[in-house]
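Coordinate analysis (summary)
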Amino acid sequence: MARMKFYCDAERCIECNACVTACKNEHEIPWGVNRRRVVTIKDGEQGERSLSVACMHCSDAPCAVVCPVDCFYTTGDGIVLHDKDICIGCGYCFYACPFGAPQFPKDAAFASRGKMDKCTFCAGGPEEDHSSDEYKKYGRNRLSEGKLPLCAEMCSTKALLAGDADVIADIYRKRVVNRGASAFNWGGSEIKG
Amino acid sequence: MRIKTLLILFCLVLPQISLADGPPKSLNSPEGVSAISPGSELWRAVRQRDGEVLEGVSQVKSVDSGMLINARGDQWARFRISKLTTYGGIAIAAVFVIVILLYVVRGKIPIEGGLSGRMVRRFTDYERIVHWTLAIVFLFLTITGLILLLGKPLLIPLFGKEVFSVFASASKEGHNLFGPLFLVSLIMIFLSFARRNIYEKGDLTWLLKGGGIIGDGHVSGGFFNMGEKTWYWMVILIGFAIAISGLILVSPVFGQGRWIMELSHVIHTIGALILITVSIGHMYLGSIGSEGAMEGMKSGYVDINWADAHHDRWGKKCHDENLIISAEEYARLQGRKPDDTAELATEQGK
């Protein structure tokens, strides 16, 4: 069994927002909801870094801890999904999430929240795979087609990686080794005499 | 060929030499390299390790979208689950046990000399409507709120997620929709009863004697006694805190961030749990705990013997001002209720 992970390489992300757009288009996400966003730190200053962030599919997810109706579940691949038929739209998962991943459509009366929407790692939901219900509620189920999340698949600089944790870690480790010289110049804390 | 190899070797060794000579510490020193990676400093700030917030910017414009890591969210989530839910549930259960024990030990506290049948006006119709409006709204919000707080550990194992989700969804919508009514009825309660609940001489004595729960005999009291006054001000002060934090929570459209929401949620829940636990005591003393007490909020009239026993200073005033009506007159009033008599009899309370 794989353990699915996202990884965003801050040394590569160029804040093109293609991942955000790809995600919105692939899943036909309603207006006002963004399953993924790019955050830029120190914008315009020296040491500027950008990161693409969505649900990080935590092992011990705070959203699942706090959910009053227990609508979250973790798949065999380590993907955190939720059941929109059980979700009541209380918003607690948004307060608990470290990454600000849960989103709420604002279409209900009296500014009440609709049912929560978040990144599914392109793995759909509890409905039958490729059913119209699943697509309407959770978007495309690419994982069951043997494809990886679209945001990472089409990242032009390959900053955003998605897939099995071992493979992702291996790719990143190779990158770090290749950047060894620059790490050396930093005097990286890993290097001990 | 040999020179070439030596040159390559020299080139490989060169960086080591330059680092070895560089201040302040050599690479071969036992302390290792002390320089800190600029990357680690940045991510340390992003993760709010030092308590400071480093906000970024994002093309996605929504609440807190520029904040990469919300470090307090997990703390709040675990506080809700491990502290609020657990101790809240225990506190409510404990108060129920205390009330049941009190009833078993003390029973219904009887009026000395029994009921006389002669009545005195205690509350106007408006005051009773205000009281019961707040009571009904409070009970509704208590039940719906507790379903959301305690449903996960208590109700999901009983009914399953699907059925509980229906309860919880109805509770959330009902709680949000009727919540603002709590503020309205709270303002009405404040305007109707504030004057009579100002603390006065003799209230401290009541407190020192424990309100008569321990030991025999009644403690001297005015129109409202010390305990009722304290309950009243708890309802007003904690009630307003609950109402304001509730309004912040119910309308997530003013751009309030997650920390404000987390803080509001904690204030809202702790305040509500305090009022719920104390209200159980209030409901007990107003109904099966004390003979004759329910009459005041049911009909607006109380037996004069009850007034003398529980609120002797007010009872004495009723005697002095001759506000007591006979049993026949009371029965007639209950059938017809002319406003002039009611108005006359209410004045004593003000």
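Note: the structure precedes this text.
In what follows, the accompanying structure is described.

The rules we used
Residues numbered from 1 in each chain as written. Chains lettered and ligands numbered in written order. Predicted model: local features only at pLDDT ≥ 70, side-chain atom pairs only at ≥ 80, totals over all residues. Heavy atoms only, no water. Axes fitted to C-alpha atoms, helices over the stretch in contact; angles between N-to-C directions. Helix = DSSP H or I, 4+ residues; strand = E, 2+ residues; numbered from the N terminus. Parallel < 35°, antiparallel > 145°, perpendicular 65-115°, else oblique. Nonpolar A, V, L, I, M, F, W, Y, C, P; charged D, E, K, R; others polar. Phe/Tyr/Trp six-rings, centres within 6.5 Å; stacked < 30°, edge-to-face > 60°. Buried < 20%, exposed > 50% of the residue type's maximum accessible area, 1.4 Å probe, protein only. Left-handed = near helix turned anticlockwise from the far one by under 90°. Contact = heavy atoms within 4.5 Å. Buried area = accessible area lost by both parts, 1.4 Å probe. Salt bridge = Lys/Arg side-chain N within 4 Å of Asp/Glu carboxyl O. Polar contact = N/O pair within 3.5 Å; in protein donor to acceptor, adjacent residues only side chain to side chain. Pairing = 2+ DSSP bridges. Core = buried A, V, L, I, M, F, W, Y, C linked by side-chain atoms within 4.5 Å. Disulfide = S-S within 2.5 Å.

Residues and elements named next belong to chain B. One way to put it is that helix α3 (residues 71-106) packs onto helix α9 (residues 258-286) with a least axis distance of 9 Å and a crossing angle of 5°. If you check the angle between α3 and α9, you find them roughly parallel. Residue composition of the contact of α3 with α9, by class: 17 nonpolar, 6 polar and 3 charged.

Moving on, we come to the packing of aromatic side chains. A full pass over the atoms with the stated rule returns 19 aromatic pairs over all chains. An angle of 80° between the planes, with centres 5.7 Å apart, marks the rings of A:Tyr92 and B:Trp76 as edge-to-face. A residue pair is termed interchain when its members come from two chains, as with A:Tyr92 in helix α3 (residues 92-96) and B:Trp76 in helix α3. A relative accessible area of 16% places A:Tyr92 in the buried class. With centroids separated by 6.3 Å and ring planes inclined at 55°, the aromatic side chains of A:Phe94 and A:Tyr95 adopt a geometry described as tilted. For A:Phe94, a relative accessible area of 12% gives the class buried.

Residues and elements named next belong to chain B. Here helix α4 (residues 125-154) crosses helix α6 (residues 161-193) at 150°, and the two axes come no closer than 7 Å. One element, α4, and the other, α6, form an angle in the roughly antiparallel class. At the point where α4 passes α6, the crossing takes the left-handed sense. Among the residues making up the contact of α4 with α6, the classes are represented as 18 nonpolar, 11 polar and 3 charged.

This part takes up the interface of chain B and chain A. Each partner contributes residues to the interface: chain B has 53 residues there, and chain A has 48 residues. When chain B packs against chain A, the two sides together hide about 4,300 Å² of surface, and 64% of this comes from carbon and sulfur. On inspection of chain B and its partner chain A, the count reaches 1 salt bridge. On the surface where chain B and chain A come into contact, there are 15 residue pairs in polar contact (both at pLDDT 80 or more).

Now for the sheet that holds strand β2 (residues 37-41) of chain A. Overall, antiparallel pairing links the 3 strands, which are arranged β3(A)-β2(A)-β1(B) in an open sheet. Looking at strand neighbours, the two that pair on one side only are β3 (49-53) of chain A together with β1 (57-58) of chain B, the edges of this open sheet. Summarising the sheet, β2(A) and β1(B) pair through 2 bridges and their orientation is antiparallel. Pairing of A:Val39 across the sheet is with B:Ser58, part of β1(B).

To continue, consider the side chain of A:Asn17. Position of A:Asn17 among the secondary structure elements: in the loop between β1 (4-8) and α1 (18-27). Assessed through its relative accessible area of 13%, A:Asn17 is described here as buried. When residues no more than four places from it in sequence are discounted, the contact partners of A:Asn17 are A:Val38 and B:Gln59.

With that settled, the discussion passes to the nonpolar core. Residues and elements named next belong to chain B. Of all hydrophobic cores here, the largest spans 43 residues; its most connected members are Val120, Leu146, Phe182, Ile189, Phe193, Leu275 and Trp314. When contributions to this core are tallied by element, the ones reaching two or more residues are α3, α4, α6, α8 (226-250), α9, α10 (293-298), α11 (304-310) and α12 (312-320). With 8 residues, α4 is the single largest residue contributor to this core. Ignoring sequence-local partners within four residues, the contact set of Phe182 consists of Leu134, Val137, Phe138, Leu141, Gly239 and Ala243.

Applying the stated criterion to the full structure yields 25 salt bridges over all chains. For B:Arg44, the salt bridge goes to B:Asp50, with nearest N and O atoms at 2.8 Å. Judged by relative accessible area, which is 52%, B:Asp50 ranks as exposed. Residues B:Glu200 and B:Arg313 are paired through a salt bridge, measuring 3.5 Å at the closest nitrogen-oxygen approach. One end of the pair, B:Glu200, is in the loop between α6 and α7 (203-208); the other, B:Arg313, is in helix α12, and 113 residues separate them in sequence. Relative accessible area serves as the criterion here: at 31%, B:Arg313 is assigned to the partly exposed category. Among the charged side chains, a network of salt bridges with common partners joins A:Glu26, A:Arg140, A:Arg142 and A:Glu153.

This part is about the state of the cysteines. Residue and element names in this part refer to chain A. Using the criterion set out here, one finds 0 disulfides over all chains in the structure. Between Cys63, a free cysteine, and Cys55, which holds the nearest cysteine sulfur, the sulfur-to-sulfur gap is 6.3 Å. Lacking any disulfide linkage, Cys97 is separated from the closest cysteine sulfur, that of Cys58, by 6.4 Å.

Residue and element names in this part refer to chain A. Along the chain, the position of His57 falls in the loop between β3 and α2 (62-66). Within the structure, His57 has its side chain in polar contact with the backbone nitrogen of Val80 (distance 3.0 Å). Excluding residues within four positions of it along the chain, His57 makes contact with Arg3, Phe6, Gly78, Ile79, Val80, Lys118, Cys119, Thr120 and Phe121.

Bringing the environment of A:Glu127 into the picture now. Residues and elements named next belong to chain A. Along the chain, Glu127 turns up in the loop between α3 and α4 (132-138). Along the backbone, Glu127 and Tyr138 are 11 residues apart, and their C-alpha atoms lie at a distance of 9.1 Å. In contact with Glu127, other than residues within four places in its own chain, are Asp85, Asp133, Glu134, Lys137 and Tyr138.

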